[in-house]
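Given next are the chains, with one letter for each unit.
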2 protein chains.
Amino acid sequence: MTAKEKVSALQAAMKKQQIDAFVVYSADPHMSEYMPPEWQEREWLSGFTGSAGFVVVTQDKAGLWTDGRYFTQAPVELEGSGIALFKDGIEGTPDYMDWIISETSAGSTVAVNALATSHKEWEKLKNKLERDDRELTDFPLLDTVWSNRPAPSKNEVFVHPLALAGQSVAAKIEAIRSKMQEERVQWHVISSLDDVAWTLNLRGSDVDCNPVFLSYLLISEERSILFVDREKLNREAENLMAEARVEIKAYNDFFGFLKTIKGQSVLISPTSNESIFQALNTNNKITEKPVPGNLMKAIKNDAELRGFETVMIRDGVAMVKFLHWLTHQAGKEDLDEYGIGKRLEAFRAEGKNFVGNSFSSIVGYKGNGAIIHYSAKREGSAKVSNHGSILVDSGGQYLEGTTDITRTFPLGEVSDTFKKDATTVLKGLIQLSMAKFPKGTRGVQLDALARMPLWKEGKDFNHGTGHGVGSFMNVHEGPQSIRKDLNPVKLLPGMVVSNEPGYYVEGQYGIRHENLICVKEFKTTEWNTFYEFKTLTLCPFFKSIIIKDKLSSKEIDWLNEYHQNCKEKLSPHLDGAVKEWFLELVKPL
Amino acid sequence: MTAKEKVSALQAAMKKQQIDAFVVYSADPHMSEYMPPEWQEREWLSGFTGSAGFVVVTQDKAGLWTDGRYFTQAPVELEGSGIALFKDGIEGTPDYMDWIISETSAGSTVAVNALATSHKEWEKLKNKLERDDRELTDFPLLDTVWSNRPAPSKNEVFVHPLALAGQSVAAKIEAIRSKMQEERVQWHVISSLDDVAWTLNLRGSDVDCNPVFLSYLLISEERSILFVDREKLNREAENLMAEARVEIKAYNDFFGFLKTIKGQSVLISPTSNESIFQALNTNNKITEKPVPGNLMKAIKNDAELRGFETVMIRDGVAMVKFLHWLTHQAGKEDLDEYGIGKRLEAFRAEGKNFVGNSFSSIVGYKGNGAIIHYSAKREGSAKVSNHGSILVDSGGQYLEGTTDITRTFPLGEVSDTFKKDATTVLKGLIQLSMAKFPKGTRGVQLDALARMPLWKEGKDFNHGTGHGVGSFMNVHEGPQSIRKDLNPVKLLPGMVVSNEPGYYVEGQYGIRHENLICVKEFKTTEWNTFYEFKTLTLCPFFKSIIIKDKLSSKEIDWLNEYHQNCKEKLSPHLDGAVKEWFLELVKPL
């Protein structure tokens, strides 16, 4: 079926059920960023493969809303689907709720699949629609249209060893229970897969790149119940759960169990799916608060931080070998973006305890570098030769930690304009790297540091500056961030975030420089305790695209120190021609 | 009566009425920052004269909560009162609500005067107390204790001419009604005095320094009703109201009128007093949203911006004459802080259309400069001589606009440490002045620019970086700000804000450099429309306290350009020795 045929089939089902508009969010029951194949409803329906975006279908129209990262990619993938593109965040783009109202009449019925809709979004949509005399209803309409939906994975669930996790399951549950007491709740529902996996020191592979497994976790003052298909747990995992007194029930028994909870106070994150709220909210008192373990997970303990430092050496060595290979082979052998991504994965796989990529590598040659979350397909990705620039954003999952790095570099001649922009972006990365800030500071207060060099030239980038990164866990995690948004979460020692300013010229080139950085104590004075960032990522930048005169003396000092650190940490693991080339790269500017 | 006696009298009244805790906010029925004498309940009760802070009294204890600006001043003023000081924003200081709960038992009654309590605060307190089985009630208990409360002022209400206001009353009411339509409300209550005065192009003098008058304004789709004592309006003001079809009713008839509104949808700011909500919320549908005119007021129109530029010259001339006088007379004549403030007012009064100070001048010599909102009293203020530094923060109300400026300068020898700190603070002011930022940026994203030079030394200041400033109106206005807080209001062209980083060493010196700056368009590119700040204030900084080596070349360029601009704008209005001295001050660094 083509996207056009799928939309028609959905519209026919809508007519039958007297549904006037239907929203297909990009979501699974766990509000995961990366979803298992059976929950890729939006992608199945529309053909759009971006990580964010949702489709609204009315009886005669269809539209996809997505953000700046996909403004180049989406029109290509939507071609011929009859689905119109709505550019989120651009002036004049209607909010999808307003659009639904403008496309339907009073008394209409709007449906979503509550299992794949966050409670927060459900409430917002419901209130908005009711105000305009439209009704919101739960109807898993795609079930009737998507006949060959894949079956859920049966992949193994295994233990993340205590030596790497740094904290026992019992201690984590204890800490969560103590937060539950503060909130005066008797039960707590954890539906986000990385929070379940972190709490239980378990990992899986039910989705690409994220080492998580389909599950729910319920914690009460007395009980912990993991809802997962038991046969997926290996022996060690079974034993760990028994030892930690975690009961195991079938994944499909979750909603049945919820209905047995009555007259209790229950803590649920408002980002959990709406079906959980509907199962609980008639008999119980609901406290809507973020999952307490989410913040605990973000603050890496010493074992986890040691893990990060370990894998950064491995990852840096793989990157240097890869960069040496690519810059020397471009123009000599027949290369394309997809193959380059695979080759990078192979360099990482040479390292110890490599599990897989932490996300789909982004290899964007020339103009493709401007497609922010570009993912080159096996078939038909661009040929790469020895001219122009290339942007490579990639990361690895290792048992000890997770990496995420972007380098933009020349494969031959690049323009002065490119060099100027590359230097401006680098200034932003350095300014953020050098920041010191008092306890209590939030990411939004620091975001402008990474953007100001661009802003002074009337330029910007349409994505966040920094996201949290898990410890052998999701490469994107919360609750902290460094973005323009008013995220109230404070930056705390042990938090790992990315530092990734960029600049993109459509059709010409994309620039992004990305390191992972970690919040640590700077000093305590009579005024406050101050924090700073420690850069974790170890991989040189290319001096050949840096215009030295545009850097301040402090920025040059930072860069030289960074390269000196790369040299100390990585050169013992390099030899021959690669080492020789590397030692040139890390010489002072 | 001493503060101790007043608290005892209040506690006796509490016992009689079976009230276990009573909160005296620093508030009037209009939630004004500067209150008329009859509403200075907290100051009357405690003796603490700071602009922020509130008192909680239980049957056997009393405490005052205030913020970092007053940590030095409050203990002095509270001495002997028996009122304990709670330092807001310092770790370990209990939230006052938690403190009330810890000091009372279940079933207790807590009272406030709802007329002097914002709805927002009332709701927060009520919810918190109810959760712990305590009841919140409205009881104007101080009425029974404060026997000689002053009578309300009868000061004249007069017209702010259209040529200066730049927009007619009819046009403003029309714009507000259009926002009311968007919000689908039939009535709108305006209880904040500056919003009333702005909407009606009227001014008064019922409180110190702010040209406002006690009033409420009600706007419906058809009617506008001003509640004010009619005899205060002069002929011109009466005529303007008649022309704009604004009905006039007595100030005391306001609540009676509210009770006649039934079955309507009403827009009220959640910062309005709780009594308004209680008068309306049984019969009507309340929409809690900021006063729409508040944002309109903050975006200055061309006439208002011209007014600012005009008064900055006048204010700059007064400041230069004052600075010349003080730096030459210190050590020669007998000077004290209070007298210096009066002398500055006299220099301003030489200028055209000067109405009065826009706030109580802060003249802080040496260690007194570290008391952030220090106000030297007529009796016993510190003697000032020709050594050490002095901080002078002051402003004027002129018919054309409002000013607010701080300069910190030496009267003799100052230490190298002082110079280093003064330069660090100046770097912050300059960094913020040089910022460029895209449409949509909020103050919280820029606040760190002004603090980063201090943060890098483990230093900070305990106040906001920037507040909005009115146009012949309150010197502190919203809704925008440049602070650490997550204020969602975006910075827009025409907004005037202060840029005032500082650094304070208790007992030694205080440093603050403050200019007013205005948001204006920088450039529109393919990426966005970008804004920048135009500095409005015209008055040199003292190069003698600046360590040139600590400034970057861009910072030096900014300072030299700023001084060149001061020279061009102010020197035509100066002559003789003052001019000669001034021309030295503004020479390039």
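Residues numbered from 1 in each chain as written. Chains lettered and ligands numbered in written order. Predicted model: local features only at pLDDT ≥ 70, side-chain atom pairs only at ≥ 80, totals over all residues. Heavy atoms only, no water.

1. Description of the sheet that holds strand β21 (residues 401-402) of chain B
All names here are of chain B. This is how it is decided: When DSSP finds two or more bridges between two strands, those strands count as paired. Think of it this way: any DSSP run of H or I at least four residues long counts as a helix, any run of E at least two long counts as a strand, and we number them from the N terminus. Contacts are residue-level and defined by heavy atoms, with any inter-residue pair within 4.5 Å sufficient. Each axis is a line fitted through C-alpha atoms, and for a helix only the stretch in contact is used; angles between axes span 0 to 180 degrees, taken between their N-to-C directions.
The strand order β16-β20-β21 describes an open sheet built from three strands, whose pairing is antiparallel. Each end of this open sheet is capped by a strand with a single partner; those strands are β16 (354-357) and β21. Judged from the three bridges that link them, β16 and strand β20 (residues 396-398) form a sheet pairing that is antiparallel. By the bridge assignment, asparagine 357 is partnered in β20 with glycine 396. In this fold helix α14 (residues 337-349) packs onto β16 and β20, with an angle of close to 165 degrees to the strand it touches most, β16.

2. Description of the packing of aromatic side chains
Cut-off, in case you're wondering: The pairing test for Phe, Tyr and Trp rings, Trp by its six-membered ring, is centres within 6.5 Å, and the orientation test on the planes gives stacked under 30 degrees, edge-to-face over 60, and tilted for anything in between. A 1.4 Å probe rolled over the protein chains alone gives each residue an accessible area, and that area as a share of the maximum for its type sets the label: buried under 20%, exposed over 50%, partly exposed in between. We count a charge as sitting over a ring when the NZ of a lysine or the CZ of an arginine lies within 6 Å of the ring centre and within 35 degrees of the ring normal.
Per the counting criterion, the structure on display carries 60 aromatic pairs over all chains. With a centroid separation of 6.3 Å and an interplanar angle of 55 degrees, the aromatic rings of A:Trp325 and A:Phe347 are classed as tilted. You can see A:Trp325 sitting in helix α13 (residues 302-329) and its partner A:Phe347 sitting in helix α14 (residues 337-349), a full 22 residues away along the chain. Taken individually, A:Trp325 and A:Phe347 each receive the classification buried, so the pair is uniform in this respect. Taken together through their ring pairs, the aromatic side chains of A:Trp187, A:Tyr216, A:Phe227, A:Tyr251, A:Phe254, A:Phe255 and A:Phe257 make up a single cluster. For A:Arg451, the ring lying beneath its charged end belongs to A:Phe461, and the centroid distance is 3.9 Å. Cation over ring: B:Lys436 sits above B:Phe522, and NZ or CZ is 4.6 Å from the ring centre.

3. Examining the environment of B:Val475
Residues and elements named next belong to chain B. For valine 475, the position within the fold is in the loop between β24 (466-468) and β25 (477-482). Judged by relative accessible area, valine 475 falls into the buried class, the value being 0%. Along the backbone, valine 475 and alanine 12 are 463 residues apart, and their C-alpha atoms lie at a distance of 39 Å. In contact with valine 475, not counting residues within four places along its chain, are Tyr34, Asn210, Ser358, Phe359, Thr402, Thr403, Asp404, His467, Gly468 and Val469.

4. Considering the relation of the copies chain A and chain B
Two copies of one chain are present, and they are related through a rotation about an axis combined with an axial shift. For the record, the criterion: A residue counts toward the fit only if its pLDDT is at least 70 in both copies, and the copies are then superposed by least squares on the C-alpha atoms of those residues.
Mapping chain A onto chain B is achieved by rotating through 180 degrees and translating by 0.0 Å along the same axis, at an RMSD of 0.0 Å. What the superposition gives is, in effect, a two-fold axis relating one chain to the other. Across chain A, the rotation axis passes nearest the C-alpha of A:Gln445, at a separation of 2.4 Å. Most of the interface of chain A is mirrored in chain B: 98% of its interface residues are interface residues there too.

5. So, the interface of chain A and chain B
Quick note on the threshold: Joining two parts hides part of their accessible area as seen by a 1.4 Å probe, and the buried area is that hidden amount summed over both. The term salt bridge refers to a pairing of a side-chain nitrogen on Lys or Arg with a carboxyl oxygen on Asp or Glu at a separation within 4 Å. Pairs of N or O atoms are called polar contacts if they sit within 3.5 Å, as long as, within protein, a hydrogen donor faces a hydrogen acceptor (for residues adjacent in sequence, only side-chain-to-side-chain pairs). Polar here means any residue other than Ala, Val, Leu, Ile, Met, Phe, Trp, Tyr, Cys and Pro, which are nonpolar, and Asp, Glu, Lys and Arg, which are charged; Gly is therefore polar.
Each side of the interface is counted separately: chain A has 41 residues, and chain B has 40 residues. Buried area between chain A and chain B, summed over both chains or domains, comes out near 3,200 Å², and the portion from carbon and sulfur atoms is 56%. When the buried surface of chain A facing chain B is broken down by residue, A:Gln445, A:Leu486 and A:Trp527 rank first, second and third, together holding 22% of it. Counting across the chain A and chain B interface gives four salt bridges. In this assembly, chain A and chain B are joined by six residue pairs in polar contact (both at pLDDT 80 or more). Those elements that provide at least two residues to the side of chain A that touches chain B are β23 (436-438), α16 (443-455), β27 (502-505) and β29 (515-524) of chain A. The biggest single contributor to the side of chain A that touches chain B is α16(A), with eight residues. Residues of the side of chain A that touches chain B, tallied by class, amount to 18 nonpolar, six polar and 17 charged.

6. Overview of helix α1 (residues 3-16) of chain A
Residues and elements named next belong to chain A. What counts here: Helix span, as expected, comes to 1.5 Å for every residue beyond the first. In this description, one arc is meant: the one made by directions from the helix axis to the C-beta atoms.
With 14 residues, α1 should reach 20 Å at 1.5 Å per residue; the first-to-last C-alpha distance of 20 Å fits that figure. Residues of α1 that are buried include every one of Ala3, Lys6, Val7, Leu10, Gln11, Ala13 and Met14, and no others. Looking down the long axis of α1, one finds its buried residues gathered within 160 degrees of arc, a one-sided arrangement. Positive phi appears at glutamine 18, one or two residues downstream of α1, with a value of about 55 degrees.

7. A short note on the pairing of strand β6 (residues 135-138) of chain A
Residues and elements named next belong to chain A. Inclusion rule: A right-handed crossover is one whose linking path, passing over the helix from the first strand to the second, runs clockwise when the strands point away from the viewer.
Across four bridges, the pairing between strand β5 (residues 109-112) and β6 is parallel. Residue pairing in the sheet places alanine 111 in a bridge with threonine 137 of β6. Handedness of the crossover joining β5 and β6 through helix α5 (residues 119-131) is recorded here as right-handed.

8. Here's the deal with the pattern of salt bridges
According to the stated counting rule, one finds 74 salt bridges over all chains in the structure shown. Residues B:Asp132 and A:Arg184 are paired through a salt bridge, measuring 3.5 Å at the closest nitrogen-oxygen approach. On the criterion of chain membership, the pair formed by B:Asp132 in the loop between α5 (119-131) and β6 (135-138) and A:Arg184 in the loop between α7 (169-182) and β8 (187-190) is interchain, its members lying in two chains. Ionic pairing is found between A:Lys342 and A:Glu345, a salt bridge with its closest N-O pair at 3.3 Å. Taken together, the residues A:Lys342 and A:Glu345, both in helix α14 and three residues apart, mark about one turn of the helix. Each of A:Asp194, A:Asp195, A:Lys297, A:Lys300 and A:Glu477 takes part in one network of salt bridges that share partners.

9. Some thoughts on the packing of helix α17 (residues 553-570) of chain A against helix α18 (residues 576-585) of chain A
All names here are of chain A. We count it as follows: Put simply, angles under 35 degrees are roughly parallel, angles over 145 are roughly antiparallel, angles from 65 to 115 are roughly perpendicular, and the rest are oblique. Here a crossing is called left-handed whenever its near helix is offset anticlockwise from the far helix by less than a right angle, and right-handed whenever the offset is clockwise.
Viewed as axis vectors pointing N to C, α17 and α18 meet at an angle of 160 degrees, and their least axial separation amounts to 10 Å. Between α17 and α18, the interaxial angle falls into the category roughly antiparallel. Crossing angle aside, the handedness with which α17 passes α18 is left-handed. Residue-level inspection shows His563, Cys566, Lys567 and Leu570 of α17 in contact with α18, the latter providing Phe582, Leu583 and Leu585. Residue classes in the contact of α17 with α18 are distributed as five nonpolar, one polar and one charged.

10. As for the packing of helix α15 (residues 416-433) of chain A against α17(A)
Residues and elements named next belong to chain A. In the contact formed by α15 and α17, the axes pass within 10 Å of each other and the chain directions differ by 80 degrees. Judged by the inter-axis angle, α15 sits roughly perpendicular to α17. Within the contact between the two elements, α15 uses Leu426, Lys427, Leu429, Ile430, Gln431 and Ser433 and α17 uses Glu555, Trp558 and Leu559. Among the residues forming the contact of α15 with α17, the class breakdown is five nonpolar, two polar and two charged.

11. Some words on the sheet that holds strand β1 (residues 21-24) of chain B
Residue and element names in this part refer to chain B. On the basis of which strands lie adjacent, the open sheet formed by six strands has the order β4-β3-β2-β1-β5-β6 and mixed pairing. The open sheet has two edge strands, β4 (84-87) and β6, and neither has a second partner. Averaged over all adjacent pairs, the angle separating strand axes in this sheet is 25 degrees, with direction ignored. The sheet contacts of helix α4 (residues 96-103) involve β1, β2 (54-58), β3 (62-66), β4 and β5 (109-112), and relative to β2 the element is tilted by about 10 degrees.

12. Regarding helix α18 (residues 576-585) of chain B
Residues and elements named next belong to chain B. Residues of α18 that are buried: Val578, Trp581, Phe582 and Leu585. Buried residues of α18, seen end-on, are gathered within an arc of 100 degrees and therefore sit on one face of the element. Contact partners of the buried residues in α18: α13 (302-329) and α17 (553-570).

13. Digging into the environment of A:Ala114
All names here are of chain A. Within the element layout of this structure, alanine 114 appears in the loop between β5 and α5. Looking at alanine 114, the relative accessible area reads 0%, which means it is buried. As for alanine 114 and phenylalanine 139, which are separated by 25 residues in sequence, their C-alpha atoms are 7.3 Å apart. Once you skip the residues sitting within four places of it in the chain, alanine 114 turns out to touch Trp122, Asp138, Asn273, Glu274 and Ser275.

14. Re unusual backbone geometry
Residues A:Gly478 and A:Pro479 are joined by a peptide bond in cis, for which omega reads 0 degrees. Secondary-structure assignment places A:Pro479 in strand β25 (residues 477-482). Its identity is not glycine, yet A:Phe472 carries a phi of approximately 45 degrees, on the positive side. Considering the arrangement of structural elements, one finds A:Phe472 in the loop between β24 (466-468) and β25. Positive phi, normally seen in glycine, also occurs at B:Arg245, with a value near 55 degrees. Locating B:Arg245 in the fold gives a position in the loop between α9 (235-243) and β12 (246-249). Given a relative accessible area of 66%, B:Arg245 falls into the exposed group.

15. Comments concerning the nonpolar core
When a protein is soluble and globular, its nonpolar side chains tend to lie buried together. Defined as follows: To define a nonpolar core, start from buried Ala, Val, Leu, Ile, Met, Phe, Trp, Tyr and Cys residues and group those joined through side-chain atoms within 4.5 Å.
Formed by 124 residues in total, the largest nonpolar core has its most connected members in A:Leu200, A:Leu202, A:Leu218, A:Leu226, A:Leu258, A:Phe322 and A:Ile390. Looking at which element gives the most residues to this core, the answer is α13(A), with eleven residues. What A:Ile390 contacts, discounting residues up to four positions off in sequence, is A:Leu326, A:Ile340, A:Val363, A:Gly364, A:Tyr365, A:Val384, A:Arg407, A:Thr408, A:Phe409 and A:Leu411. Judged by nonpolar contacts, the second largest core, of 123 residues, contains B:Phe409, B:Val425, B:Val469 and B:Met473.

16. A look at the state of the cysteines
Residue and element names in this part refer to chain A. The criterion, for reference: We call a pair of cysteine sulfur atoms a disulfide whenever their separation is within 2.5 Å.
Counted by the stated rule, this structure contains zero disulfides over all chains. Cysteine 539 supplies the cysteine sulfur nearest to cysteine 209, a cysteine that is in no disulfide, at a spacing of 20 Å. Considering cysteine sulfurs only, cysteine 566 is the nearest to cysteine 539, which forms no disulfide, with 6.8 Å between them. According to the relative accessible area criterion, cysteine 539 is buried, its value standing at 0%.

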